[in-house]
Amino acid sequence: MVDSASFRPLALTMGEPAGIGPDVTLAVWRERSERRLPPFYVLADPDALRRRAKLMGIDIPIETMSAGEAIDAFDRVLPVVALESAADAAPGQPERSAARGVIEAIARAVGDVRAGLASALVTNPINKKALFDAGFQHPGHTEFLGMLSAAWSGSPAHPVMMLAGPGLRAVPATIHVPIAAVPRLLTEEMLIRTGRTIDHDMRRRFGISNPRIAVAGLNPHAGEGGVMGTEDDEFIRPAVAALREEGINAFGPLAPDTMFHAEARARYDVALCMYHDQALIPTKTIAFSETVNVTLGLPFVRTSPDHGTAFDIAGTGKADISSLAAALRLADELARHEAEYRQREHAAGAVS
Ligand SMILES: NC(=O)c1ccc[n+]([C@@H]2O[C@H](COP(=O)([O-])OP(=O)(O)OC[C@H]3O[C@@H](n4cnc5c(N)ncnc54)[C@H](O)[C@@H]3O)[C@@H](O)[C@H]2O)c1
Ligand SMILES: N[C@H](C(=O)O)[C@H](O)COP(=O)(O)O
């Protein structure tokens, strides 16, 4: 079978230039062979990357080119597709002037995937506060990508964040919102929609034929029959029942404190959690250096390392590149599954 994903590179955004995005990008290219990385190009300010390499004392050949030239150049040089806006900053010191370039990189990378120039999108971390201060209206990539993909497909998107690491995949149903808003934002309908998206993407992109989805409760002991909170019985349990009626292998609500130990994790493929930290504390605790942030529910594949901008170590060479390496490998794998799925769909359509 012809795999169209093999002939295209991944589009990697540089992220916040004051953070460790530039550091891990340079270092991961240097280790491309040892880590068996798929070809990628970086959407970045090439001068900013050169300055960071010099500061870190590493000699990396950086060449500016078009996305179409990247795949042949990748073995020889780090291919950079230059941004129109400058996006530079000293390590640990975010500049408002860089925000335009940071946002341009994400939007252009999505455009490249849409145009068939890249097989998938991999993002380096952004600093939410720095972008907010410059007028950016989205709490993170996930929500911004949902907006961009709605413009792409013409229908509203429901992007779903998933942290995927060895030993645990977990989805926060609510994402970047204050904890006080969580009970109000959780509804039976949104949990059903989230469960459907998980089931769909696990089958189509992860190749898991009957994904087991463990649904967490919101309250201690999942409410313990209503004596510790009523949300678990009011809308989480009915959402699980509705998903099961559709043939989706969801179960719960489970007591959140006992669903992440090793034996419990062996009983499911994905944990559907109720809020950001319920999902991200266990994933990042179990495997901070290898966990990948994946966005489900988009018409394209997007991954990211699980760490943030790490201003405290930017420019020092101390940043661990394992999570970015894992994000590049996973994006390539998911894009191949997606391409194969589309080919099968196309072939079935041609036969029927
Ligand atoms: N994908 C993203 O865009 C993304 C993800 C997470 C956080 N963030 C943003 O990053 C900023 C900082 O967030 P934070 O401080 O909570 O988390 P962080 O991951 O940036 O840092 C937490 C701690 O882990 C260390 N660390 C992080 N990555 C490391 C690496 N690769 N190697 C070694 N040590 C590493 C840091 O030095 C720091 O001590 C925030 O603005 C947040 O919004 C962005
Ligand atoms: N919530 C994520 C985390 O803490 O790892 C992170 O902020 C990234 O979110 P986006 O992928 O939406 O930028």
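Everything numeric in this text was worked out from a predicted model, so none of it was measured.

## A closer look at the site of ligand 2
Argument step 1. Looking at ligand 2, the residues that line it are Lys128, Gly140, His141, Thr142, Met161, His176, His276, Leu280, Lys284, Asn293, Arg302 and Asp306.
Argument step 2. Between ligand 2 and Lys128, the relevant distance is 2.7 Å, taken from an oxygen atom to a side-chain nitrogen or oxygen of the residue.
Argument step 3. At a separation of 2.6 Å, an oxygen atom of ligand 2 approaches a polar side-chain atom of Thr142.
Argument step 4. When ligand 2 is considered free in solution it has 350 Å² of accessible area, and contact with the protein chains removes 87% of it.
Argument step 5. Broken down by secondary-structure element, the contributors of at least two residues to the shell around ligand 2 are α6 (141-153) and α11 (276-287).

## Section: helix α1 (residues 21-30)
Argument step 1. For α1, a buried count of nine out of ten residues is recorded, marking the element as mostly surrounded by other parts of the structure.
Argument step 2. Restricting attention to buried positions, one finds in α1 the residues Gly21, Pro22, Asp23, Val24, Thr25, Leu26, Ala27, Val28 and Trp29.

## Thoughts on the site of ligand 1
Argument step 1. Close to ligand 1 lie 16 residues; Lys128, Gly308, Ala310, Asp312 and Asp320 are nearest.
Argument step 2. Separating a nitrogen atom of ligand 1 from a side-chain N or O atom of Ser304 is a distance of 3.4 Å.
Argument step 3. Between ligand 1 and the protein, one listed contact pairs an oxygen atom with a backbone N or O atom of Ala310 at 2.8 Å.
Argument step 4. Burial of ligand 1 by the protein chains amounts to 65% of its free accessible area of 820 Å².
Argument step 5. Looking at the shell around ligand 1 residue by residue, the classes come out as seven nonpolar, six polar and three charged.

## Description of the pairing of strand β11 (residues 292-296)
Argument step 1. Most of β11 is tucked away, with five of its five residues classed as buried.
Argument step 2. Side chains Val292, Val294 and Leu296 project from β11 onto one buried face, and the interleaved Asn293 and Thr295 project onto a second face that is buried too.
Argument step 3. With five bridges connecting them, strand β6 (residues 160-165) and β11 associate as antiparallel partners. The residue bridging Ala164 from the neighbouring strand is Val292, located in β11.
Argument step 4. Relative to strand β12 (residues 302-305), β11 is paired through four bridges, and the arrangement is antiparallel. When the sheet's bridge partners are listed, Val292 is paired in β12 with Pro305.
Argument step 5. Linking β11 to β12, which pair antiparallel, is a turn of five residues; within it Gly297 sits at a positive phi near 80 degrees.

## Topic: the domain arrangement of the protein
Argument step 1. Partitioning the protein into structural domains gives domain 1 (1-155) and domain 2 (160-297).
Argument step 2. Relative to domain 2, the C-alpha centre of domain 1 lies at a distance of 30 Å.
Argument step 3. On the domain 2 side, the residues contacting the six residues of domain 1 number four residues.
Argument step 4. Here domain 1 meets domain 2 over a buried area of about 400 Å², counting both sides, of which 58% is carbon and sulfur.
Argument step 5. On the domain 1 side of the contact with domain 2, Pro139, Thr142 and Glu143 bury the most area, a combined 78% of that side's loss.
Argument step 6. Seen at the junction of domain 1 and domain 2, the total is zero salt bridges.
Argument step 7. If you look at where domain 1 meets domain 2, you find one residue pair in polar contact (both at pLDDT 80 or more).
Argument step 8. Among the elements that take part in the side of domain 1 that touches domain 2, α6 stands out by supplying three residues, more than any other.
Argument step 9. Residue composition of the side of domain 1 that touches domain 2, grouped by class: two nonpolar, two polar and two charged.

Definitions and cut-offs
- The residue count restarts for each chain, going from 1 along the sequence in the order it is written.
- A letter from A marks each chain and a number from 1 marks each ligand, given out in the order of writing.
- At least 70 in pLDDT is required for a residue's local features to be given in this predicted model, at least 80 for side-chain atom pairs to be given and counted, and no such filter applies to totals for whole chains, interfaces and linings, which use all residues.
- Heavy atoms from the whole structure form the basis of all side-chain values; hydrogens and water molecules are not counted.
- Residues are counted as near a molecule or strand when any one of their heavy atoms sits within 4 Å of it.
- As used in this structure description, the phrase polar contact means that two N or O atoms lie within 3.5 Å; if the pair is within protein, one of them must be able to donate a hydrogen and the other to accept it, and residues adjacent in sequence are counted only when both atoms belong to side chains.
- Computed with a 1.4 Å probe, the accessible areas rest on the Shrake-Rupley method; for each residue, only the protein chains presented here act as cover.
- Think of it this way: any DSSP run of H or I at least four residues long counts as a helix, any run of E at least two long counts as a strand, and we number them from the N terminus.
- Relative accessibility decides the category of a residue: with a 1.4 Å probe and only protein chains considered, values under 20% of the type maximum give buried, values over 50% give exposed, and everything between is partly exposed.
- Classification used: nonpolar for Ala, Val, Leu, Ile, Met, Phe, Trp, Tyr, Cys and Pro, charged for Asp, Glu, Lys and Arg, polar for all others including Gly.
- Pairing between strands is defined by DSSP: at least two bridges between them are needed.
- An automatic or database domain assignment provides the domain bounds reported here.
- Contacts: residue pairs with any heavy atoms within 4.5 Å of one another.
- By buried area we mean the combined loss of accessible area, with a 1.4 Å probe, across both parts when two parts are placed together.
- Between Lys or Arg on one side and Asp or Glu on the other, a salt bridge is scored when a side-chain nitrogen of the former is within 4 Å of a carboxyl oxygen of the latter.

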